[in-house]
Structure formats: C-alpha cells, structure tokens
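Each chain, letter by letter, is given below.
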Amino acid sequence: MEEQQMSYGLLVRPRGLDETNSPYDWYKKMRKNSPISFDPERNCWDVFCYEDVQMVLQNYKHFSSKRNGNVQTLLDLDPPTHRRYRNLVSQAFTPRAIQELAPRITAITHELLASLKGKREIDIVADIAYPLPVIVISEMLGVPSQDRDIFKKWSNILVSGTRTLSPNVMNKLFAKQGKATLDLQTYFQQIVAKRRLDPTNDIVSTLITAEVDGEKLNIEELLSFCLLLLVAGNETTTNLITNTMLTLFEHPDILNQLYRDNSLIPAAIEEALRYSSPVHSMNRFITEDMNIKGMKLKKGQEVMAWIGSANRDESVFDRPDVFDINRSPNNYLSFGTGVHYCLGSQLAKLETKICITEMLKTLPDMKLDTTKKLRIIPSTFVYGYKELPVIVGLE
C-alpha cells in the first residue's frame, strides 16, 4: 500500500478545488489564508505562492522527485542520475532538431484544417488540438497511424485523477493506470526491437544510438522515456493550444489583433502559459524534517507545488488576473524550473504557434459557442478542457 500512498496527493483533488469550475479563486484564497497548508487526508502539503513553488521545484536535495514504482521516468529521478539521463535524451531535442519538425507540423495542421472546410461549427479540441500533438509525437516515436487512438487513450488514463480517497475507487484507478503502463511498455518494446534491427529517422532510433561519455540508455530507460514523451508530449500541448484559444475567445480585442498581425501570436502564447498553464501542479517528496515559515514538514511526506497558483501570485506579477500579451518580464513556472525544466518546452511552443497561426489564416471570425458548457479535465496535474466548441465565420 505504501507505493499507492506515495502518490495520493497528485491523484486526488484537495478539498476546495472543484473540478467543474476555474481554480483561480481557490488559489487566491489559499495564497492569502493558507499559503503552506497540510491535508491529513492526502498526507500532503500544498504550497501556493511563487517563491515557495519555485523553491520546491528547484531544491531537489530537500524535495525529491524519487517515488516508488516499477517505471522510473525522467520526472522521477534526481541528480546525478537525472543529469546523465537528461544529457542522453536531450540529443533528440536540440533546437535544430525541433526546428526541423516545423515543415511537418505545418503540413499536419494544413491537413487537419482542410478537413474542416465549409463547416460552421467545429470543436477545436477534437478537430485540431488533440490530433496534432498525437500525430507529431506518434511520428517522432515511430507509431503507425492506425495505433494513434489507442496511444491517446493510454495517455488519458495516465494523467487521470479522482475526487475521492475511497479504497475501491483508488484501487480501480491504480489498476487501470498500471495496465496502461504495462500495455505501453509492451508496445514500445516491439518498436525498440524493430529499430535496433532497422533504424529510421525517428526519436527511438536516435535514443538507441545516443551516447554520453560512452554510456547509452538501457532498455528500461528507453521505455520510460517513450512513456514520458507520450504523456508530456501530447496531453500538455493539446491543453496549451486549447487554453490559449479559449483565453483569446475571452479577450476578443486581442484575438482580433492577432487576426490582423500574426507576429503577435508567440507573445500571446507566452502570456497564455502564465495565465492558463497546461500543467497546474507537480509533486515532490520531503527528504528530511524541516521548518518552512513556521510549518513543520516531515520526511517522506508529499508536497504539491501549485504552478497554476504561482503564475497568478500578486507579489510577482502585476495585475496577475489580467491577460496582457505585452507583459515583461514574464517568469511563469509552467514548464517547471531547475533541473526538471521541461525538455519539450520548445516543441510545445512551436506546435502551438504553427497551429494557431494556420487556424487564424484559415478560419475567419471564430467565436466561442457560448450555448455549450465547457467541461474541465478531471485532473490535478494537467489543466484543460474536454472540448472547445467554436462557430466559424464564412468568408
């Protein structure tokens, strides 16, 4: 049972956080009244202010990423092991390697948009924001097109959460996630075996041959990175595209600015990353008893760093609840900070920039369909919406 208890904080929604509404009012209340608070039900500390979230994410000696479990990904390691591993996998994420993907990302976006021609109503999630990252990551990993839907299904299971600590519900969730993990491992083992015999121009072939100081990734490391890339590479990018577009629909003057001047899109994405981060929390584990601002944290307890709250901290950001595409500086924590800063951040931003640019070129006068209620994804980890219904103007 210990292994399961280690991750309760990330899987279970704390009291006060309602999955049906925006979390920002709760974040504001917690920053003011309980910036560091303990939830005995989850055996988890929650930190909400920018300074504390940044400290938890950066200080790996006191706030470890290590957790029990059969599968260790890059997210679950501390230096020096993490450094060696990251140096190896980063060879597939150089600025040049990412930029070389731009023409293919553009072509995929054009294909998706072409299928929407003449439609008055679309769902940005189902029609564009979901398939684009899945196709990109699938192609990077060498996954054939017919397997994309099952690939996405596994990804959704791995980031899912629950609102209850009921043993029955928790055991079902753990069993479901365990099965998805095993299914993915089996799937990727087959891909790795094929690439060893017949290398291609995909990320798995690159990782098989990658070396740092004469060391290569072993099979467990290869499989865990494929697993991480699947979740981090498609779920968060889908949410970044969706959250950025929803924010623009809520600010029609800015959306019209972007229609007229596509060069403003990268700045809008930067501010959307702060304003509506696709990742709202990351967890760590305390390595030794300590006091922080009068609070006594115990070794082994979990800490939840609320990135979504830190990005709206009034002590760091001027008018934090205002969407300002001219904001500078804009030191959001949406991709993390320190040794675990997101390896795929540039890819996520590139996909989102291309996607939104081509949408604005192709789909005139888009407006949110306000007759339909938006549903928030039930997860404490990622933040996004199950659909984004839009009415498209006719040219």
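Refer to the structure printed above.
Heads up: these notes are all about the structure in this document. (Residues numbered from 1 in each chain as written. Predicted model: local features only at pLDDT ≥ 70, side-chain atom pairs only at ≥ 80, totals over all residues. Heavy atoms only, no water.)

## A word on the overall build of the protein
Looking only at helices and strands, the protein has 17 helices and 10 strands in total. With 395 residues in all, the protein has 55% of them scored as buried. In the protein, the share of contacts with a sequence separation of at least 24, taken over all contacts with a separation of at least 6, comes to 72%. Accessible surface, the protein: about 17,800 Å² in total, of which carbon and sulfur atoms supply 51%. (Helix = DSSP H or I, 4+ residues; strand = E, 2+ residues; numbered from the N terminus. Buried < 20%, exposed > 50% of the residue type's maximum accessible area, 1.4 Å probe, protein only. Contact = heavy atoms within 4.5 Å. Areas by Shrake-Rupley, 256 points an atom, 1.4 Å probe, with all protein chains shown as cover.)

## Brief notes about the environment of Lys66
Tracing the backbone through its elements, the reader meets Lys66 in the loop between strand S3 (63-64) and helix H5 (81-89). Its relative accessible area of 51% is what places Lys66 among the exposed residues.

## What to know about the sheet that holds strand S4 (residues 121-123)
Taken in spatial order, the three strands line up as S4-S10-S9 in an open sheet, and their pairing is antiparallel. Looking at the sheet topology across the chains shown, the edges are occupied by S4 and strand S9 (367-368). Pairing of S4 with strand S10 (residues 389-391) involves three bridges; the strand directions are antiparallel. Note on S10: the bridge partner recorded for Glu121 is Ile391. (Pairing = 2+ DSSP bridges.)

## Side note on helix H4 (residues 50-58)
Turning to H4, its buried residues are Tyr50, Asp52, Val53, Val56 and Leu57. Here the buried face of H4 lies against strand S1 (36-39), strand S2 (44-47), S3, strand S5 (282-286), strand S8 (302-305) and helix H16 (307-310).

## Considerations on the sheet that holds S1
Taken in spatial order, the five strands make up an open sheet running S1-S2-S8-S5-S3, and their pairing is mixed. Among the strands making up the open sheet, the edge pair consists of S1 and S3. With two bridges joining them, S3 and S5 adopt antiparallel strand pairing. Of the residues in S5, the one forming a bridge with Phe63 is Ile286. The sheet contacts of H4 involve S1, S2, S3, S5 and S8, and relative to S8 the element is tilted by about 125°. (Axes fitted to C-alpha atoms, helices over the stretch in contact; angles between N-to-C directions.)

## Notes on the nonpolar core
Counting residues in hydrophobic clusters, the biggest one holds 88 residues, and the most contacted among them are Leu141, Phe188 and Ile203. With 14 residues, the single largest contributor to this core is helix H13 (residues 219-250). Within the second largest apolar cluster, 23 residues are counted, among which are Tyr50, Val279, Ala310 and Phe381. (Core = buried A, V, L, I, M, F, W, Y, C linked by side-chain atoms within 4.5 Å.)

## Quick look at the pattern of salt bridges
The full count for this structure, using the stated rule, is 20 salt bridges. Put simply, Arg96 and Glu100 hold a salt bridge, and the shortest N to O gap is 3.2 Å. Residues participating in the shared-partner salt-bridge network are Lys28, Arg312 and Asp321. (Salt bridge = Lys/Arg side-chain N within 4 Å of Asp/Glu carboxyl O.)

## A look at the pairing of S5
Most of S5 sits inside the fold, with five of its five residues counted as buried. Of the two faces of S5, both are covered, the one formed by Met282, Arg284 and Ile286 as well as the one formed by Asn283 and Phe285. Judged from the four bridges that link them, S5 and S8 form a sheet pairing that is antiparallel. Each bridged residue has a counterpart across the sheet, and for Met282 the counterpart in S8 is Ala305.

## Quick word on unusual backbone geometry
Of note, the bond from Ser328 into Pro329 is cis; its omega dihedral lies within 30 degrees of zero at -5°. In this structure, Pro329 sits in the loop between H16 and helix H17 (345-362). Its identity is not glycine, yet Lys293 carries a phi of approximately 50°, on the positive side. For Lys293, the location among the structural elements is in the loop between strand S6 (290-292) and strand S7 (295-297). Looking at Lys293, the relative accessible area reads 56%, which means it is exposed.

## A look at the pairing of S8
Burial along S8 is two-sided: the face carrying Glu302 and Met304 and the face carrying Val303 and Ala305 are both buried. In the sheet, S2 pairs with S8 via four bridges, with the strands oriented parallel. Counted as the bridge partner of Cys44 is Glu302 from S8.

## Describing the layout of surface pockets
The computed volume of the second largest pocket comes to approximately 390 Å³. Around the second largest pocket, the lining comprises 15 residues; the ones closest to its centre are Ala97, Glu100, Leu101, Asn201 and Asp202. For the lining of the second largest pocket, the elements supplying multiple residues, two or more each, are helix H6 (95-99), helix H7 (102-114), helix H9 (131-141) and helix H12 (203-209). Among the elements that make up the lining of the second largest pocket, the one with the highest residue count is H9 (three residues). Taken together, the residues of the lining of the second largest pocket sort by class into seven nonpolar, three polar and five charged. (1 Å grid on protein atoms, 1.4 Å probe; cavity = no way out; pocket = protein on both sides within 12 Å on 5 of 7 lines; lining within 4 Å. Points joined across faces, edges and corners; volume = space filled by probe spheres on them. Nonpolar A, V, L, I, M, F, W, Y, C, P; charged D, E, K, R; others polar.)

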